[in-house]
Every structure is written in C-alpha cells, then in structure tokens.
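# Structure assessment
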Amino acid sequence: MTNLVQFPGLGLSFEINRVALSIGGFNIYWYGVCIAFGICLALVFAFRHSIEFGVDPDSMVDVILIGIVLGIVSARAYYVAMAPFKYESIWEMIAIRDGGLAIYGGIIGGFLFGGLACKRRGVPVLPMFDLTAMGFLLGQGCGRWGNFFNQEAFGCNTTLPWGMFSETTRAYLMGSTVTAQSGVTIDPNLPVHPTFLYESIWCFVGFLLLFRYIKKRKFNGDIALRYMIWYGAGRFWIEALRTDSLMLVPSIGLRASQLVAGIAVVVGMAAEIYFTHKFKDKPLMVKLAMTADNEAAVNKLSKEKAVIGLMTDADTELLASSPRKLFVERTEAYNAEVKRTIAESGKAKQ
C-alpha cells in the first residue's frame, strides 16, 4: 500500500502509505482521516457562526448528523450509479472503505436530507443551507487530499512543474478505463495533473471569499447559491483534465460531472441575479435564534404569540451585517426575555 509519489519538475518525492494506522489488524486509511478532518473543521465553523445566521447550535445537531450520514450514503450511491456493472455483489457496492465517494452525490444528499431534517427540527432551512455551503467548502478542501494518498482522481499529462508521477498513476493510465478528450494522447510514463490539489485550492479560496462576504449577503440562501456557482465553475474546468470520469460526449470531451456542474452554475447564476434584484433595497434582517429549550417550552404552552407578542422586530431581529459579538449578546438577551415571559405565563396559568 506504499507509493513513491514524485513531482519531477519540483525535484520532490514522497513515500506515502494509504494506511494511516492499524488497530488490532483493522486499517484506518488516510482517505477516511482526511474526510473526517474536513467534517470536523466544518462543524467547528458551523457551531462558531450559527448564531449569525439565526440558527440555534443545539437545534442543528440532529440536522448535521442526518445530513452527514445520509450525505455519505448518497455519495456512495451516486458513485455506484455511475458504474453499476463493475460490482459483482451488493457488498462490493457498499464497501466504502475500498474507496469511491462521488462528491455531487454527497452534496445533493446533504442538502436534501438536511433540509428535510430542518423542517422536522424547526431549524430555518435557507440559513442552514448557507452554513452548510461554507462547511462543504472546508470539507471538500480537506477531503480531496484523500485522493492524493490513494493516488486517484488525477488528470491527463502535463509539462507544468507540479506534474505528478507514481507507479499507481502509471498502472491506471495503462488500463482500458481511461477517459480523455478526442485527440488527447495519454503517456503513462509522464507526469499528470494533480487535479485533487487544484480542487482543494479552489475550495479553500472559495471559502475565504465567501467568508468575507458573510456580512454582505443580501438574502437567506445567498451563500448557498454562490457556493453552487463557485464550485460548479471550478469543477467544470478541473473535470475536463481528469482521466477517470464518465464521458457523455467523447467528441467534445463532455463528462457527466461537467454537465451537472454546468447546470449548477447556470441555475445558481439565474437565481442569484433574480433574488439580488428582488431584495436590492431590503437589508437582510436575521431573526434571532431561539434556544431548543425555549422553543420546546413555547410549543408546550401553545401560546407563542402570547410569549413573544410584546417583543418588537427590533427585539427579535438584527442586521446580517452586525458583528458577531452583538449577535451573541442580543441572542442571549432575547432568550432570557423569552424564558422570563414563559415563566410568568406558567404562573398566570396556575
């Protein structure tokens, strides 16, 4: 499982092992470690900034768990669906440890099942989508390094100084499953594009750009749409370099993932333009997050209007451009007032 990975143009070489460590004969792969690290970074970001999106941290725990688990299941299902005949049994299809997760399946599954969980848990859907989009960029940026350790998801030959070569890339390019644009010649003995690196950098740059935009967002869902556009655009050109993608139109080199990416960019841009115009004169107001305990108590009393009816919009909303410190202070004060009002309502009822 050890590979000598070389970057001849840079004079660098690394001996890497797919296995990070073994515990009692059970191997833990770097692929999984990279994905897990990315998920952890995304969680740290979400819990740190959820208040600024009007999302209660405790309330979104179930949403995150459901989104992660079913997102991984969807990523595997999408990957298998792209090449269903290469598996001889159902056990091979579900063997995630052998590699094979399609990020688009994970994105679609994460948003779909996470959105359903939001509805069930009472978490605002679009603000949660904005948080999720930021988390995806962090997770994808880290997770792509798992492809480096597996020596997979690389591109065609390149003369650029950061071209990569290993016996694994050579063995794959000598096989019959290589896909490339019509007229492109592949030489297994030459360096290839490290497309995993391109996508990782693209995701981290996108995260930094959107992080700077958080306070400037115009409407709920704005970050999610910009994520669709940014990631779709990057994936479209990066996918064109790869040699392991499902080819739809060989004559022009159009791949299945490029089609999905292109649709994401077009739909995202159309929606972004429409909603930006719709809300151009309306600064985004964020409804302060009510804690899970307060929400449960309010629902139990079935008198939400009575509980918060005396509070004005100024008490329950804050400009999206407000500093995080103000969000924390106002959210705490809001929940303290709700709790006090609930207690008084309970006494009056007695």
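Computed from a prediction, not measured in an experiment: that's the story for all the values here.

Considering the arrangement of structural elements, one finds Ser-322 in the loop between β8 (317–319) and α14 (324–349). Engagement of the side chain of Ser-322 in a polar contact is seen with the backbone oxygen of Leu-319, the distance being 2.8 Å. The residues touching Ser-322, leaving out its near neighbours within four places in the chain, are Lys-215 and Phe-327.

This next bit is on the environment of Leu-254. Tracing the backbone through its elements, the reader meets Leu-254 in strand β6 (residues 254–255). For Leu-254, a relative accessible area of 23% translates into the label partly exposed. In this structure, the C-alpha to C-alpha distance between Leu-254 and Phe-236, residues 18 residues apart in sequence, is 9.5 Å. With sequence-adjacent residues up to four places away left out, Leu-254 is seen in contact with Met-247, Leu-248, Val-249 and Leu-259.

Glancing now at the environment of Pro-127. Secondary-structure assignment places Pro-127 in helix α5 (residues 125–143). Residue classification places Pro-127 among the buried residues on the basis of a relative accessible area of 7%. Expressed as a C-alpha distance, the spacing of Pro-127 and Asp-222, which sit 95 residues apart in the sequence, is 8.9 Å. Ignoring sequence-local partners within four residues, the contact set of Pro-127 consists of Phe-53, Val-55 and Asn-220.

Take the confidence of the model for the chain next. The pLDDT averaged across the chain works out to 87; a share of 87% of its residues lies at or above 70. Here helix α12 (residues 304–308) stands out as the element of the chain with the lowest mean pLDDT, 51, in contrast to helix α8 (residues 195–213), whose mean of 96 is the highest.

Let us now look at the nonpolar core. Met-128 and Tyr-227 are the most contacted members of the largest nonpolar core, which totals 33 residues. Listed by contribution, the elements that provide at least two residues to this core are α1 (30–49), α2 (61–82), α4 (103–121), α5, α8 and α9 (222–239). Among the elements that make up this core, the one with the highest residue count is α5 (8 residues). If we skip the residues at most four places from it in the chain, Met-128 touches Val-55, Met-60, Val-63, Ile-64, Cys-118 and Val-123. In this structure, Cys-34, Phe-154, Met-164 and Ile-186 belong to the second largest nonpolar core, which totals 13 residues.

Here strand β1 (residues 2–7) runs beside strand β2 (residues 12–17); their pairing, made up of 6 bridges, is antiparallel. In the sheet register, Leu-4 faces β2, and the bridge partner there is Glu-15. Here β1 folds back onto β2, and the loop between the two strands holds 4 residues, one of which, Gly-11, carries a positive phi near 70 degrees.

Turning next to the packing of α9 against helix α10 (residues 256–278). Packing of α9 against α10 leaves a shortest axis separation of 8 Å and a crossing angle of 150 degrees. Compared by their axis directions, α9 and α10 come out roughly antiparallel. Considering only the axes of α9 and α10, their crossing is left-handed. The residues of α10 that touch α9, namely those facing Asp-222, Leu-225, Arg-226, Met-228, Ile-229, Gly-232, Ala-233, Arg-235, Phe-236 and Glu-239, are Ser-257, Gln-258, Ala-261, Gly-262, Ala-264, Val-265, Val-267, Gly-268, Met-269, Ala-271, Glu-272 and Phe-275. Considered class by class, the residues forming the contact of α9 with α10 number 12 nonpolar, 5 polar and 5 charged.

Two numbers describe how α4 lies on α5: the axes approach to 10 Å, and their chain directions differ by 150 degrees. Taken together, the axes of α4 and α5 lie roughly antiparallel to each other. Along this stretch, α4 crosses α5, giving a crossing that reads as right-handed. Within the contact between the two elements, α4 uses Ile-103, Gly-106, Ile-107, Gly-110, Phe-111, Gly-115, Cys-118 and Lys-119 and α5 uses Val-125, Met-128, Phe-129, Thr-132, Ala-133, Phe-136 and Gln-140. In terms of residue class, the contact of α4 with α5 is made up of 9 nonpolar, 5 polar and 1 charged.

One non-glycine residue, Gln-151, adopts positive backbone phi at about 55 degrees. Relative to the helices and strands, Gln-151 is located in the loop between α6 (145–150) and α7 (167–173). Residue class for Gln-151 comes out buried when judged on its relative accessible area of 2%. Located in the positive-phi region is Ala-153, a residue other than glycine, with phi close to 55 degrees. Turning to its location among the elements, Ala-153 is positioned in the loop between α6 and α7.

Calculation rules
Numbers given to residues run from 1 along each chain, matching the order in which its sequence is written. Reporting of local features is limited, given that this is a predicted model, to residues whose pLDDT is at least 70; pairs of side-chain atoms are given and counted only at 80 or more, and all residues count toward the totals for whole chains, interfaces and linings. Side-chain numbers come from the whole structure's heavy atoms, not from hydrogens or water. Secondary structure elements are taken from DSSP: a helix is a run of H or I of four residues or more, a strand is a run of E of two residues or more, and numbering for both begins at the N terminus. Two N or O atoms form a polar contact when they lie within 3.5 Å of each other; inside protein one atom must be a possible hydrogen donor and the other a possible acceptor, and for residues adjacent in sequence the pair counts only when both atoms belong to side chains. Here, two residues are considered to be in contact whenever any of their heavy atoms come within 4.5 Å of each other. Burial classification: accessible surface area is computed with a 1.4 Å probe over protein chains only, and a residue below 20% of its type maximum counts as buried, one above 50% as exposed, and the rest as partly exposed. Note on scores: pLDDT gives the predictor's confidence for each residue, bounded by 0 and 100. As used in this record, nonpolar core signifies buried Ala, Val, Leu, Ile, Met, Phe, Trp, Tyr and Cys residues forming a set joined through side-chain atoms within 4.5 Å. Two strands qualify as a pair provided DSSP detects at least 2 bridges between them. Angles here are taken between N-to-C directions and fall from 0 to 180 degrees, while the axes themselves are lines fitted to C-alpha atoms, restricted in helices to the stretch in contact. For classification purposes, an angle smaller than 35 degrees is called roughly parallel, one larger than 145 roughly antiparallel, one from 65 to 115 roughly perpendicular, and anything else oblique. The hand of a helix crossing depends on one turn: near helix anticlockwise from the far one by less than a right angle means left-handed, and clockwise means right-handed. Think of it as three bins: nonpolar holds Ala, Val, Leu, Ile, Met, Phe, Trp, Tyr, Cys and Pro, charged holds Asp, Glu, Lys and Arg, and polar takes everything else, Gly as well.

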